[in-house]
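# Overview (structure and organization)
Next come the chains, spelled out residue by residue.
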Amino acid sequence: MRRADTDYLIIGAGATGLAFADTLIAETDAHVTLVDRHGKPGGHWNDAYPFVTLHQPSAFYGVASMELGSGLKDPVGLNRGMAELANGPEVSGYFDRVMNHRLLASGRVSYHPLSNYLGDAEGGGEFESLLSGERTRVTVRRKIVDATFFSPDVPSTHKPTFAVGEGVKVVPPNALPGLWQRAQGGSMPRRFVVLGAGKTAMDTCIWLLQAGAPADAITWVMPRDSWVVNRLSTQNGPEFFNEAVGGQADQMQAIAEARSIDDLYLRLEACGAMLRIDRERMPTMFHLATLSEAEVEVLRRVEDVVRLGRVTAIDADGMQLEQGRVAVEPGALFIDCTASAVRFKPMAPVFQPGRIVVQLLRAPLISFSAALTAHVEAHFDDDAHKNLLCTPVPFPRNPAEYPRTVAVNMSNQLRWGQDAALRQWIRQCRLDAFGRLTSGVDKADAEKQAILARLKTQAQAAAANLPRLMAAGLS
């Protein structure tokens, strides 16, 4: 068995682990060791379907020290006029550069790809090379960092939970760009059945339609309708001040005035913060998926939507669902988008004896949350105070849980704002979505100052009403 030592042993070299390591080596003299099962840095991005993109602007994703993207707006397409969204290959290439040009180049980072973490051992941890089987015992001088809390399931590595009959073709969305190879053999499918209700299924339907599939050739199995965030509200460029900061004020007003969960979402929809695909249905799912209005319009073209619960079995004649059976024409291609992008786990303290469990501190910004956790680790001593600053934000599983997410988001932001040094770090951190946008407003700009004042007033009113909304969500 090999022996090694380090200050921090980080389990996972995805977005979370890399953002944590990047800030830690920038603000301390620590040595860091990263262990990951993938052959390249970037975590699940290595397994993502080719047409995946970020939900929100590239400007606040990745690591704090290195920009992602060009800073330009998309000139064409369904995201036209808004900040660019890095696609899967761009994100993977970016994380490769982060590892080589930033982390390894520091001389204080060791990286072990294709390695399986076996668990904590006395005074450290142990991992095994997937290629050689050789084991390494690592002595950890400071802490083990678990950066896998938000590791998602992805379609390409997901095992279907439903039975698949003989002759039925089920593929992940990763297989779609390669369908041209089937055309050469004359076996191109003419019916596409998309399984799943989340962002992956939305992306898949949009890709099929944009690639030329007729809308009436698509069947969408949607166990639950979902609310989605309007991407326009996430833009952080100064030219989007009214939409972003003014939009935040609108959202706070909606929260302040809402009298029930349904009333809240109808108000959020009315002010342009939220969107839904079918305006005649009240969605029962909300996982912070983000779309443009143009993308929603494309999705509305799919009319063959099956709402009979989840698929339990597929055979040559059709699908068995929780609430009934649906016939499907022979030769249909089933596209499995049922992998969950979010694994719901019980939250735990971020700072524990000898261990840091990185979690969401501002929904939905996991990169910012990881960088902030590393900054707090570097500059504060007492774990109780660290945990107060790093209270995990619950990820919403349904619309009723969103008020709780907002409440913890706001509570964290209030605590951060009370520490002058921490407040300044956040404002300067590129992963913070709006800090620089709001802090840079000219005091002589009456219009923007009025928007900021309105945001503050409405946020106070929203905070007063959130307990009632949280109680309504539990009833």
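These numbers were taken from a predicted model, which means no experiment stands behind them.

### A word on the sheet that holds strand E16 (residues 318-321)
Neighbouring strands of a sheet are bound in pairs by backbone hydrogen bonds; such pairs are parallel or else antiparallel. Read from one edge of the open sheet, 4 strands run E7-E15-E16-E17, paired in mixed fashion. Because the sheet does not close on itself, it has two edges, and the strands there are strand E7 (163-164) and strand E17 (324-327). Judged from the 2 bridges that link them, E7 and strand E15 (residues 311-315) form a sheet pairing that is parallel. Bridge assignment links Val164 to a residue of E15, and that residue is Ile314.

### Remarks on the pattern of salt bridges
Oppositely charged side chains can pair when the atoms bearing their charge come close. Inspection of every chain in the model, using the stated rule, returns 31 salt bridges. Here Asp22 makes a salt bridge to Arg102, at a shortest N to O gap of 2.8 Å. You can see Asp22 sitting in helix H1 (residues 15-27) and its partner Arg102 sitting in helix H2 (residues 88-103), a full 80 residues away along the chain. According to the relative accessible area criterion, Asp22 is buried, its value standing at 1%.

### A look at helix H6 (residues 261-270)
Buried within H6 we find Ile261, Leu264, Tyr265 and Leu268. Around the axis of H6, the buried residues are gathered within 90° of arc, so they sit on the same side. Buried residues belonging to H6 abut strand E11 (227-230), helix H5 (241-257), strand E12 (274-276), helix H10 (402-417) and helix H13 (446-474). For H6, the N-terminal cap is Ser260; the gap from its side-chain oxygen to the backbone nitrogen of Asp263 is 3.1 Å. Gly272 lies just past H6 and shows a positive phi near 90°.

### Comments concerning the packing of helix H8 (residues 366-379) against helix H11 (residues 420-428)
Running from N to C, H8 and H11 point in directions that differ by 145°, and their axes come no closer than 12 Å. In this structure, H8 meets H11 at a crossing whose hand is right-handed. Facing Phe368, Ala371, Leu372 and His375 of H8, the residues of H11 in contact are Leu422, Trp425 and Ile426. Its residues assigned to classes, the contact of H8 with H11 comprises 6 nonpolar, 1 polar and no charged.

### Brief notes about the pairing of E16
Residues in a regular strand project their side chains so that they alternate between the two faces of the sheet. Sheet topology places E15 next to E16; 4 bridges connect them, and they run antiparallel. Note on E16: the bridge partner recorded for Asp315 is Gly318. The antiparallel hairpin formed by E15 and E16 contains 2 residues in its connecting segment. Where E16 and E17 come together, 4 bridges link them in antiparallel fashion. Residue Gly318 lies in a different strand from E17, and its bridge partner there is Ala327. Taking the residues between adjacent antiparallel strands as the criterion, E16 and E17 are bridged by 2 residues.

### A look at unusual backbone geometry
Along the chain, Ala363 connects to Pro364 via a cis peptide bond; the corresponding omega equals 0°. Topologically, Pro364 is positioned in the loop between strand E20 (355-357) and H8. For Leu114, which is not glycine, the phi torsion reads 50° and is therefore positive. Within the element layout of this structure, Leu114 appears in the loop between strand E3 (109-112) and strand E4 (115-121). Judged by relative accessible area, which is 30%, Leu114 ranks as partly exposed.

### Focus on the sheet that holds strand E8 (residues 169-171)
Overall, parallel pairing links the 5 strands, which are arranged E8-E18-E9-E10-E14 in an open sheet. Looking at the sheet topology across the chains shown, the edges are occupied by E8 and strand E14 (304-306). The average undirected angle you get between the axes of adjacent strands in this sheet is 25°. Of the pairings in the sheet, the one linking E8 to strand E18 (residues 333-336) comprises 3 bridges and is parallel in character. Paired with Val170 across the bridge in E18 is Phe334. Taken strand by strand, helix H4 (residues 199-211) contacts strand E9 (192-195), strand E10 (218-221) and E18, and its axis lies near 175° from that of E10.

### Here's the deal with H11
Three or more residues of H11 are buried, namely Leu422, Trp425 and Ile426. Each buried residue of H11 sits inside an arc of 100° when the element is viewed along its axis, so together they form one side. Facing away from the buried side of H11 by more than 90 degrees, the exposed set consists of Ala421 and Gln428. For H11, the elements touching its buried residues are H1, H8, helix H9 (383-389) and H10.

Calculation notes
- Residues numbered from 1 in each chain as written.
- Predicted model: local features only at pLDDT ≥ 70, side-chain atom pairs only at ≥ 80, totals over all residues.
- Heavy atoms only, no water.
- Pairing = 2+ DSSP bridges.
- Helix = DSSP H or I, 4+ residues; strand = E, 2+ residues; numbered from the N terminus.
- Salt bridge = Lys/Arg side-chain N within 4 Å of Asp/Glu carboxyl O.
- Buried < 20%, exposed > 50% of the residue type's maximum accessible area, 1.4 Å probe, protein only.
- Arc of directions from axis to C-beta.
- Contact = heavy atoms within 4.5 Å.
- Polar contact = N/O pair within 3.5 Å; in protein donor to acceptor, adjacent residues only side chain to side chain.
- Axes fitted to C-alpha atoms, helices over the stretch in contact; angles between N-to-C directions.
- Left-handed = near helix turned anticlockwise from the far one by under 90°.
- Nonpolar A, V, L, I, M, F, W, Y, C, P; charged D, E, K, R; others polar.

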